Amino acid sequence: MRPILLKGHERSITCVKYNHDGDLLFTASKDSIPSVWRAHNGEWLGTFNGHKGTVWDLDCDRFTTRLLTASADATARLWDCETGVCLKEFTHRGPVRGIAFADGSHMFASISDPFVDYNAIISVYDIPPDMDPEDFSDTPRLEIDLPKSADGKQIKPTTVHWLNLNEALFVTFDNGTIRLYDPVTGEELEEIIAHEKKINRVRFNLEKTLFITSSADFTSKLYDVVDLKHLKTYKTDRPVNDAVISETKDHILLGGGQEAMSVTTTSGKVGKFETRFFHLIYEDEFGTVKGHFGPINALAISPNGRSYASGAEDGYVRLHFFDKSYLDMKDPVPEVGEGDDEFDDGDEEYNGSDSESD
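Below, the structure is looked at part by part.

**Considering the overall build of the chain**
- When helices and strands are counted, the chain shows 3 helices and 28 strands.
- Here the chain holds 358 residues, and the buried ones make up 57% of them.
- Relative to all contacts within the chain whose residues are 6 or more apart in sequence, the contacts with residues 24 or more apart total 46%.
- When the accessible surface of the chain is summed, it comes to about 16000 Å², and 48% of that surface belongs to carbon and sulfur atoms.

What follows is the structure, given as C-alpha cells:
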C-alpha cells in the first residue's frame, strides 16, 4: 500500500473529510487555510482563504455545493465549494470548535469554547439554500448555554453532530460525556458517560446507525445510535484521536499516538504513530499502516471503502489506497479450539502486504 503524500499545509492537520460522493477530500489544519483535493489521485484543487486562526472542523453539504468551517478566530464561515468564495461569516463569542450541517442543509449547528466571562455555547443557524447569503441572520435561531459544572469547572464541547432527520443534536464533551439536545427548544434529552477522559472525536457510519468514539483514555467505543447502547470497546496503549468505521468491511481504523508535546523526544517507532486496524466484531487488532512522524489527528475513509486518508501532527495528509489482497481478504470466523490459528493466518497475510507503507 503506497500512499500519496498531500503537501498543502504548513502546520498540524486537524480534520480530514470526504464529501458524500467520495470524489473530493477536504482538509483543515492549524495554518488557517482549508484545502480541497481530488480523492482518486491527490490533485490539489484549491483553498478557502479568510480565517485568521486554526481551523478545527469543517463539513460539506450533501451535494458538495457549500462548505462550513469552524475556527479559533471565533468565526464560522460558509463557503462556495466550486469558487472558494466566502458566502457568509458567523461571529461567535469564543473559538469555534465544531460544526455540522443538518439533514437537508437548511441549517447548521456549531459549538464554541468558553471565553472570558462567556460559557461554552451550542448555536443553531438557519441557512436556506434558496436564500441570498447576505440575507442570512447574524444571530443564531437557537443558543444553548453550557454553564459550569457543580464543582465550578468549565465544560468544553468537543464535537457536534445531527442525528437522522434532525431529531436531536449530538454533542460530546471533554469530561467524557455525550448529550442529546432538542434542536428546537434546546432542552437536554439524554446524557451518558462514555469515557473517563476527553472525547476527541466521534464518527458515524453512512446510515447513522452506529457511531464510534475516540478518547484520551486510550480506548475507542462503538455505540448504537438508536438507544446509545455500548456495543464494543477497542483498547490501545496510547490516546486515540480519531477512529472511523469501514463501509464495506467489519473493520475499524484507529489513529492516535503519544501527546504532541512529547513527539520530538522519541522516534516514530516508539511514538506509535501508525493507523491501527481492528475487527469490528471481535475487537482484535490485525494490522497497522505506518508512515507519519507525529500523532495522527484525523482519519477519514472513503464511502466505497477502497481508500482512506490520515492527517497528522507532522502537517502531512497521506492518502492510502487499499491493495487487492486487503479488498479480497475474508475475515475468518473463530471456532472453538481453532479460532486463534485461523485468525493468525489472516493477520500474516494482511500485515505482509500493508504494514510497509514506505
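**A word on a nonpolar patch on the surface**
- A cluster of nonpolar residues, F115, V116 and Y118, forms a patch on the protein surface that exposes about 330 Å² of accessible area.
- Within the secondary structure, Y118 is located in the loop between β11 (107–112) and β12 (120–126).

**Points about the sheet that holds strand β2 (residues 13–18)**
- Taken in spatial order, the 4 strands line up as β2-β3-β4-β5 in an open sheet, and their pairing is antiparallel. Of all the strands in the sheet, just β2 and β5 (44–47) have a single pairing partner and so form its edges. Taken over all neighbouring pairs, the strand axes of this sheet differ in orientation by 20 degrees on average, direction set aside.
- When strand β3 (residues 24–29) meets strand β4 (residues 35–38), the two strands line up antiparallel, connected through 4 bridges. The residue bridging L24 from the neighbouring strand is R38, located in β4.

**Observations concerning the environment of N19**
- Counting through the fold element by element, N19 comes out in the loop between β2 and β3.
- N19 gets classed as buried once you look at its relative accessible area, which sits at 3%.
- Taking the C-alpha atoms as reference points, N19 and C60, separated by 41 residues in sequence, lie 6.2 Å from one another.
- Look past the residues within four positions of N19 in its chain and what remains in contact with it is L24, F26, C60, T64 and P303.
- There is a polar contact of 2.6 Å between the side chain of N19 and the side chain of D23.

**Regarding the environment of S302**
- Examined against the element boundaries, S302 turns out to sit in the loop between β26 (296–301) and β27 (307–312).
- Remark: the alpha-carbon pair of S302 and Y18, spanning 284 residues in sequence, is separated by 6.3 Å.
- Setting aside its immediate chain neighbours within four residues, S302 contacts Y18 and S307.
- Side-chain polar atoms of S302 contact the backbone nitrogen of R306, separated by 3.4 Å.

**Some points on the sheet that holds strand β10 (residues 96–101)**
- Read across the sheet, 4 strands follow the order β10-β11-β12-β13 without closing on themselves; strand pairing throughout is antiparallel. The two strands at the open ends of the sheet, each matched to only one other strand, are β10 and β13 (142–146). Here the average twist between neighbouring strands, direction ignored, is 15 degrees.
- Judged from the 5 bridges that link them, β10 and β11 form a sheet pairing that is antiparallel. Bridged to V96 within β11 is S112.

**So, the pairing of strand β19 (residues 210–215)**
- Extensive coverage of β19 is indicated by the burial of 6 of its 6 residues.
- Both faces of β19 are covered, namely the face carrying L210, I212 and S214 and the face carrying F211, T213 and S215.
- Across 5 bridges, strand β18 (residues 199–204) lies against β19 in antiparallel orientation. The residue bridging F204 from the neighbouring strand is F211, located in β19.
- Between β18 and β19, which pair antiparallel one after the other, the connecting turn spans 5 residues, and K208 there sits at a positive phi close to 55 degrees.

**Here's the deal with the side chain of T64**
- Summarising the element assignment, T64 is placed in the loop between β6 (55–60) and β7 (66–71).
- Within the local environment of T64, its side chain forms a polar contact with the side chain of N19, the two groups lying 3.1 Å apart.
- Ignoring anything within four residues of it in the chain, the contact list for T64 reads N19, L24, F26 and C81.

**Comments concerning the nonpolar core**
- Counting 18 residues, the largest nonpolar core has I122, W162, L169 and Y181 as its most contacted members.
- Elements supplying a minimum of two residues to this core: β11, β12, β13, β14 (157–162) and β15 (169–173).
- Those residues in contact with W162 that lie beyond four places of it in its chain are A100, F101, A102, M107, F108, A109, V124, A168, L169, P183 and K208.

**Some remarks on unusual backbone geometry**
- Residue K208 is not a glycine yet carries a positive backbone phi of 55 degrees.
- Structurally, K208 is set in the loop between β18 and β19.
- One non-glycine residue, F218, lies in the positive phi region at around 75 degrees.
- Residue F218 is classed as partly exposed on the basis of its relative accessible area of 34%.

**Considerations on the packing of aromatic side chains**
- If you walk through the whole model with that rule in mind, you get 17 aromatic pairs.
- Where F204 meets F211, the ring centres are 5.6 Å apart and the plane angle is 45 degrees; that geometry is what we call tilted.
- Assessed through its relative accessible area of 0%, F211 is described here as buried.
- A ring pair is formed by Y234 and F278, whose centres lie 5.9 Å apart and whose planes are at 65 degrees; its orientation type is edge-to-face. Of this pair, Y234 sits in strand β21 (residues 230–235) while F278 is found in strand β24 (residues 275–279), placing the two residues 44 residues apart along the sequence.
- Overall, the relative accessible area of 0% leaves Y234 in the buried class.
- Of the aromatic side chains, those joined through ring pairs into one cluster are F277, F286, Y308, F322 and Y326.
- For K208, the ring lying beneath its charged end belongs to F204, and the centroid distance is 5.7 Å.

What counts and how
Residues numbered from 1 in each chain as written. Predicted model: local features only at pLDDT ≥ 70, side-chain atom pairs only at ≥ 80, totals over all residues. Heavy atoms only, no water. Helix = DSSP H or I, 4+ residues; strand = E, 2+ residues; numbered from the N terminus. Buried < 20%, exposed > 50% of the residue type's maximum accessible area, 1.4 Å probe, protein only. Contact = heavy atoms within 4.5 Å. Areas by Shrake-Rupley, 256 points an atom, 1.4 Å probe, with all protein chains shown as cover. Patch = residues over 30% accessible without salt bridge, like charges linked within 9 Å, V, L, I, M, F, W, Y side chains within 5 Å. Salt bridge = Lys/Arg side-chain N within 4 Å of Asp/Glu carboxyl O. Pairing = 2+ DSSP bridges. Axes fitted to C-alpha atoms, helices over the stretch in contact; angles between N-to-C directions. Polar contact = N/O pair within 3.5 Å; in protein donor to acceptor, adjacent residues only side chain to side chain. Core = buried A, V, L, I, M, F, W, Y, C linked by side-chain atoms within 4.5 Å. Phe/Tyr/Trp six-rings, centres within 6.5 Å; stacked < 30°, edge-to-face > 60°. Lys NZ or Arg CZ within 6 Å of the ring centre and 35° of its normal.

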